[in-house]
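What follows is each chain in one-letter form.
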Amino acid sequence: MVGVRIDLHVHSTASDGTDTPDALVAAAAAAGLDVVALTDHDTTAGWDLASAALPPGLRLVPGAELSCVSPDGRGGQATVHLLAYLFDPDSPAVVAEQTRLRLERRERLRRMAERMAADGFPVDADELMAALPTGATAGRPHLARALVAAGVVSSVDEAFARYLGTGGPYYLGRTDTPVHTAIDMIAEAGGVTVLAHPFARTRGPVVTPEVVVELAGRGLAGLEVDHPDQDAPTRAELRALATDLDLIITGSSDYHGTNKTVRLGQETTAPEAFERLLDRAGADRVVTG
Ligand code: AMP
Ligand code: FE
Ligand code: FE
Ligand code: ZN
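The notes below deal with the structure included here.

Parameters at a glance
- Counting restarts for each chain, with residues numbered from 1 along the sequence as it is written.
- Chains and ligands are labelled by the order in which they are written, letters from A for the one and numbers from 1 for the other.
- Only residues with pLDDT of 70 or above have their local features reported here, since the model is predicted, and side-chain atom pairs are shown and tallied only from 80 upward, although totals for entire chains, interfaces and linings are computed over all residues.
- Side-chain metrics in this entry use all non-hydrogen atoms of the structure; hydrogen atoms and water are not considered.
- Coordinating donors are taken to be N, O and S atoms lying within 2.8 Å of the metal, or within 3.2 Å when the metal is Na, K or Ca; because water is excluded from the atom set, some sites may appear incomplete.
- Working definition: helices are DSSP H or I runs of at least four residues, strands are E runs of at least two. Numbering for both runs from the N terminus.
- Here's how the labels work: a residue is buried when its accessible area is under 20% of the maximum for its type, exposed when over 50%, partly exposed in between, all with a 1.4 Å probe on protein chains only.
- Any residue with a heavy atom positioned within 4 Å of a molecule or strand is treated as near that molecule or strand.
- Polar contacts here mean pairs of N or O atoms no more than 3.5 Å apart (in protein, one a potential hydrogen donor and the other a potential acceptor; neighbouring residues in sequence count only if both atoms are side-chain atoms).
- Between any two strands, at least two bridges found by DSSP are needed for them to pair.
- When the strands point away from the viewer, a crossover counts as right-handed if the path from the first strand over the helix to the second runs clockwise.
- For four-coordinate sites, all angles between 85 and 135 degrees define a tetrahedron; for four- and six-coordinate sites, opposite donors beyond 155 degrees with the remaining angles between 65 and 115 define square planar and octahedral shapes respectively, and all other cases count as irregular.
- Here the arc refers to the directions that run from the helix axis out to each C-beta atom.
- The contact criterion used is simple: two residues touch if any of their non-hydrogen atoms lie within 4.5 Å.

**A few points about the coordination of the iron ion (ligand 2)**
A metal bound by six donors in octahedral fashion has ideal angles of 90 or 180 degrees, whereas one bound by four tetrahedral donors has an ideal angle of 109.5 degrees.
Next up, step 1: Within the protein, D16 (OD), D16 (OD), H41 (NE2) and H256 (NE2) serve as the donor atoms for the iron ion (ligand 2), at 2.1 to 2.8 Å.
Next up, step 2: Of note, the donors binding the iron ion (ligand 2) are all from one chain and are spaced D-x24-H-x214-H.
Next up, step 3: Separating the iron ion (ligand 2) from the iron ion (ligand 3) is a gap of 5.7 Å. In this pair, D16 sits in the loop between β1 (6-10) and α1 (21-30) while H256 sits in the loop between β8 (248-251) and α10 (271-280), placing the two residues 240 residues apart along the sequence. Taken individually, D16 and H256 each receive the classification buried, so the pair is uniform in this respect.

**What about the site of ligand 1?**
Next up, step 1: Around ligand 1 sit 13 residues in total, of which R108, R140, D157, R174 and H256 are the nearest.
Next up, step 2: Here D16 contributes a side-chain N or O atom positioned 3.1 Å from an oxygen atom of ligand 1.
Next up, step 3: Side-chain polar atom of D157 to a nitrogen atom of ligand 1: 2.5 Å apart, as the coordinates give it.
Next up, step 4: When residues of the shell around ligand 1 are traced back to their parent elements, those giving at least two are α3 (92-118), α5 (140-149) and α6 (156-164).
Next up, step 5: Per-element tally for the shell around ligand 1: the top contributor is α6, with 3 residues.

**As for unusual backbone geometry**
Leaving glycine aside, a negative phi is the common case for residues, and trans is the common case for peptide bonds.
Next up, step 1: One non-glycine residue, D42, lies in positive phi territory at about 55°.
Next up, step 2: Relative to the assigned elements, D42 resides in the loop between β2 (35-41) and α2 (47-52).
Next up, step 3: Residue classification places D42 among the buried residues on the basis of a relative accessible area of 2%.
Next up, step 4: The phi dihedral of H197 falls on the positive side, at around 25°, and the residue is not glycine.
Next up, step 5: With respect to the helices and strands, the residue H197 is situated in the loop between β6 (192-195) and α8 (209-218).

**So, the pairing of β6**
Within a regular strand, the side chains alternate between the two sheet faces.
Next up, step 1: Here β6 shows a buried face lined by V192 and V194 and a second buried face lined by T193 and L195.
Next up, step 2: As paired strands, strand β4 (residues 77-85) and β6 are joined by 4 bridges and run antiparallel to one another. When the sheet's bridge partners are listed, L82 is paired in β6 with L195.
Next up, step 3: Both β6 and strand β7 (residues 222-226) contribute to a ladder of 2 bridges, which runs parallel. Counterpart to L195 in the pairing with β7 is L223.
Next up, step 4: Handedness of the β-α-β unit built from β6, α8 and β7 comes out right-handed.

**So, the coordination of the zinc ion (ligand 4)**
Next up, step 1: In this structure, H9 (NE2), H11 (NE2), E65 (OE) and D254 (OD) serve as the protein donors to the zinc ion (ligand 4), at separations of 2.0 to 2.3 Å.
Next up, step 2: Classification of the site at the zinc ion (ligand 4) as irregular follows from its 4 donor atoms and the range of 78 to 170° in their angles at the metal.
Next up, step 3: Linear spacing of the donor residues for the zinc ion (ligand 4) on their chain is H-x1-H-x53-E-x188-D.
Next up, step 4: In this structure, the zinc ion (ligand 4) lies 4.6 Å from the iron ion (ligand 2).

**Notes on α10**
Next up, step 1: Three or more residues of α10 are buried, namely P271, A273, F274, L277 and L278. For α10, the buried positions fall inside an angular range of 160° around the axis, keeping them on one side. Facing away from the buried side of α10 by over 90 degrees, the exposed positions are E272 and D279.
Next up, step 2: As for α10, its buried residues are in contact with β1, β2, β3 (59-71), β4, β6 and β8.

Set out below in structure tokens:
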């Protein structure tokens, strides 16, 4: 697999990306990728469309990014994202938890929009919710785009910085999945888990290295080291931790279409690391175009 380009974390309109799953796999091939993982937040809804549209030569790793809550290692709690790959999408536990969380995400986004409308912002909660693709996982980027469209802010980033960011004036929390439950649930469904952007400190509080050690003991397979929201010293710190714990090191763009500025394949995973992931999970679930 020399020269193979692998991006293991991208989002479609099944969650908060702006490319439909079929357009996304076409864009991945055009970007020169050989392997792409579709990892929408808390849903597998994009898998079928992406699989059906897969261009020749491209391999699709079906996945999801699970919204989780973890002990932060300082006596409190932190939000963590868990990348889950190659699991059975019909596993009853997975279906039940994703359904619960998606419903809660919709109610939460509606309440955020209603609170802004009550304060005089030109957003309409009914319109916002009606505009979401059927079954899509609702997220703050959807409200951020509505604020851009209404001229309240000039970018999604500005919407987060002024109004929607964690701890911001219109931020509302969620009941995310306990990270231990999520790791076990995916293992039982035949999949493998990687901690997404573990030390992306600009996003909010992150867990301590001791928590990563504990999650590794629980069955976590890897750490997403090369991610746009982690700088060089942070990556070095994570690389050392992954090496110590014999965790798989991944790199990915976390592409969200025009909701972010990163390009597909901007960060990639080494072929040897990808092979290790396949060894740990259902390699037969990889879809080949
Ligand atoms: P939510 O899933 O509703 O908690 O929203 C979090 C999502 O918003 C993340 O998955 C990112 O896609 C996006 N996001 C977070 N911070 C920013 C930011 N500063 N600018 C643009 N998008 C962001
Ligand atoms: Fe996102
Ligand atoms: Fe994430
Ligand atoms: Zn992501």
